Amino acid sequence: MKFAEETTSQSQVGIASADPQDALNDLRMSEKAMPLLNHVKRFIAETVDPMYEEFVRLGEGHEDRWSFAPGQLEVLQQAKDKAKEEGLWNFFLPDAETGEGLSNLDYAYIAIELGKSPLASETMNCSAPDTGNMEVLERVGTPEQKKQWLQPLLDGEIRSAYVMTEPDVATSDAKNVKTSAVLENGEWVINGEKHYISGAGDPRCKIMIMMVKTNDGDDRSRNHSQILVPMDTPGVEIVGPMHVFGEDHAPRGHMHMRFTNVRVPESNMLLGEGRGFEISQVRLGPGRIHHCMRTIGKAEVALDYMVKRGTSRTAFGQPLAKLGGNLEKISRARIDIESMRLLVLKAAKAMDVLGNKEARVWVSMAKAQVPEKACQIIDQAIQIHGAYGMSQFTPLPELYADVRHLRFADGPDEVHHMVVGRHELSQH
């Protein structure tokens, strides 16, 4: 009897529920979104993938790493224009007039496909960090802020950055952010240092959303704010690129930045002073799950490489796929991908049904599991290729670095396990 009571208690919060009628367990894509998914698949195969090959070819030998080579942005823009014409644009915004109006669940299926191709997300204006920044502006921006910054982002005319991580404090706890913003004569004066600011090196990056400290009160949840800072504001300095496993990811980069007496109008504040963490609730649910969705697509690419290599190479009289436990590794990779897919879909559905805040535990479960398992799959794909798997002749090293960094981006593994673990303890 006691066991039944405990199980009922957990079911009420939607975590241990096995009720087939529970809305959280209906993970079907809506009928209205199925044609869009099929359209996206065709567009990636027929337009994005050939464009990406040309984009890479044009960039070969380009000396200035912090600019695009002649012709690169032109071929990308042609693909973007075609995506717009075909209605494949801005469908990351859930239930919004400015996007496709998709649920998080419907978008999850599409984002998995986007993750399989390096430029698919940008071609359809669904790439980070613009997605999160657009969602914030769409939800909490003033009409003036939307006109100046949201519309150009929605149109794909500019890029943006999100500025939070700092070198001198543990910003996995965002309440430690110490870059200051002080109001003086109708302007916010910003001073501080940030690093790993993804996309800030891109010459198309024109606006940043920055987490700053505006108060020093006892309620630490009300001490921080988020504010709009144009890239060309005096006092904004790019110190240099931060590397990820030795790569600078030019020309977009992950930049080390310094802000010295940077002045922006008081009207650049988002939502209101001290409401920075309220804004985080807007972006962190969907934004984190978008990464997980795309990562499943990348894991699919790695498994495809693993299988093709394992069945096309022979050693010791047998295909590589049948040597050294490789068949089991292939099996486990498929099992892990399907497990990840179900968890991500359920996290997306939880956001649709419960809202971002209440779905936080589901998002953290996906965020803790998906990058770790995807890294293992990519690592095994590298292993079956031998030294060739570490070379420039496969996308596997880049895939590994990209997915491995997600175990820090949007919060380290430990933070997400803490969220899930605390929730589990609270049920007993």
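Residues numbered from 1 in each chain as written. Predicted model: local features only at pLDDT ≥ 70, side-chain atom pairs only at ≥ 80, totals over all residues. Heavy atoms only, no water.

The name given to the protein chain in an unreviewed UniProt entry is Acyl-CoA dehydrogenase family protein, with Brevibacterium daeguense as the source organism.

Undergrad: Help me out: how do you make sense of the pairing of strand β2 (residues 180-184) in this one?
TA: Remember that side chains alternate between the two faces of the sheet whenever the strand is regular. Relative to strand β3 (residues 187-198), β2 runs antiparallel, the two sharing 5 bridges. Along β3, the bridge assignment pairs Ala181 with Ile190. Where β2 folds back onto β3 in an antiparallel hairpin, the turn is made up of 2 residues, including Asn185, whose phi is positive at roughly 50 degrees. (Pairing = 2+ DSSP bridges. Helix = DSSP H or I, 4+ residues; strand = E, 2+ residues; numbered from the N terminus.)

Undergrad: Explain helix α9 (residues 326-354) to me, please; I cannot follow it from the model alone.
TA: For an α-helix, the turn length of 3.6 residues means that residues three or four places apart are oriented alike. Here α9 spans 41 Å end to end across 29 residues, near enough to the 42 Å set by a 1.5 Å rise per residue. Residue Gly355 follows α9 closely and has a positive phi angle near 95 degrees. (Expected span 1.5 Å × (residues − 1).)

Undergrad: Is there a simple way to think about the UniProt feature "domain: Acyl-CoA oxidase/dehydrogenase middle" (unreviewed entry) in the protein chain in this case?
TA: Taking the numbering used here, the UniProt-annotated feature "domain: Acyl-CoA oxidase/dehydrogenase middle" (unreviewed entry) corresponds to residues 161-257. Annotation note: span residues 161-257, helix share 0%, strand share 48%, distance between end C-alpha atoms 12 Å. (UniProt positions renumbered as here; feature names shortened; annotations may be inferred.)

Undergrad: Looking at this structure, I do not really get the environment of Ile197. What am I missing?
TA: Within the secondary structure layout, Ile197 lies in strand β3. Judged by its relative accessible area of 0%, Ile197 falls in the buried class. Spatially, the C-alpha atoms of Ile197 and Met351 are 27 Å apart, while their sequence positions differ by 154 residues. When sequence neighbours within four positions are dropped, the list of residues in contact with Ile197 reads Ala161, Tyr162, Val163, Met164, Thr165, Gly253, His254, Met255 and Met257. (Buried < 20%, exposed > 50% of the residue type's maximum accessible area, 1.4 Å probe, protein only. Contact = heavy atoms within 4.5 Å.)

Undergrad: Just to check I follow, could you spell out the pairing of strand β4 (residues 205-213) for this structure?
TA: When you tally the buried positions in β4, you get 7 out of 9 residues, the bulk of the element. Pairing of β4 with strand β5 (residues 224-230) involves 7 bridges; the strand directions are antiparallel. Across the sheet, Met210 pairs through a bridge with Ile227, a residue of β5.

Undergrad: What is the right way to read the packing of helix α2 (residues 34-59) against helix α3 (residues 72-85) from this model?
TA: The geometry of a pair of packed helices is captured by two quantities: the angle between their axes and the separation between those axes. At a minimum axis distance of 8 Å, the contact between α2 and α3 shows a crossing angle of 170 degrees. One element, α2, and the other, α3, form an angle in the roughly antiparallel class. Of α3, the residues touching α2 (which contributes Phe43, Thr47, Met51, Glu54, Phe55, Leu58 and Gly59) are Gln72, Val75, Leu76, Ala79, Lys82 and Ala83. (Axes fitted to C-alpha atoms, helices over the stretch in contact; angles between N-to-C directions. Parallel < 35°, antiparallel > 145°, perpendicular 65-115°, else oblique.)

Undergrad: Any chance you could explain the packing of aromatic side chains here in plain terms?
TA: For any pair of aromatic rings, the description consists of the separation of the ring centres together with the inter-plane angle of the planes. Taken as a whole and assessed by the stated rule, the structure comprises 4 aromatic pairs. Taken together, a centroid distance of 5.8 Å and an interplanar angle of 15 degrees make the contact between Tyr388 and Phe393 stacked. For Tyr388, a relative accessible area of 38% gives the class partly exposed. (Phe/Tyr/Trp six-rings, centres within 6.5 Å; stacked < 30°, edge-to-face > 60°.)

Undergrad: How should I be thinking about the side chain of Arg309 in this particular structure?
TA: Here Arg309 is to be found in helix α8 (residues 276-312). Lacking a salt bridge, the buried Arg309 has Asp304 as its closest oppositely charged neighbour, with an N-O distance of 13 Å. Leaving out residues up to four positions away in the same chain, Arg309 has contacts with Leu320, Ile384, His385 and Tyr388. (Lys, Arg positive; Asp, Glu negative; His and termini not counted. Salt bridge = Lys/Arg side-chain N within 4 Å of Asp/Glu carboxyl O.)

Undergrad: Help me out: how do you make sense of the confidence of the model for the protein chain in this one?
TA: Low-pLDDT stretches of the model should not have their predicted coordinates read in fine detail. With 93% of its residues at a pLDDT of at least 70, the protein chain reaches an overall mean of 91. When the criterion is pLDDT under 50, residues 1-14 qualifies, and its contacts beyond four places in sequence or with other chains add up to 12 contacts. (pLDDT = per-residue confidence, 0-100.)

Undergrad: Hey, could you run me through the pattern of salt bridges in this one?
TA: Oppositely charged side chains can pair when the atoms bearing their charge come close. Summed over the entire model, instances satisfying the criterion amount to 28 salt bridges. Ionic pairing is found between Arg139 and Glu135, a salt bridge with its closest N-O pair at 3.6 Å. Of this pair, Arg139 and Glu135 both sit in helix α6 (residues 130-140), 4 residues apart, roughly one helical turn. For Arg139, a relative accessible area of 36% puts it in the partly exposed group. Exposure remark for Glu135: the relative accessible area of 2% places this residue in the buried category. Note that Glu338 and Arg334 form a salt bridge whose closest N and O atoms lie 2.7 Å from each other. Placement of both Glu338 and Arg334 in helix α9 is noted, with a separation of 4 residues, approximately one turn of the helix. One connected set of salt bridges, linked through shared partners, spans Glu122, Asp130, Arg159, Asp202, Arg204 and Arg252.

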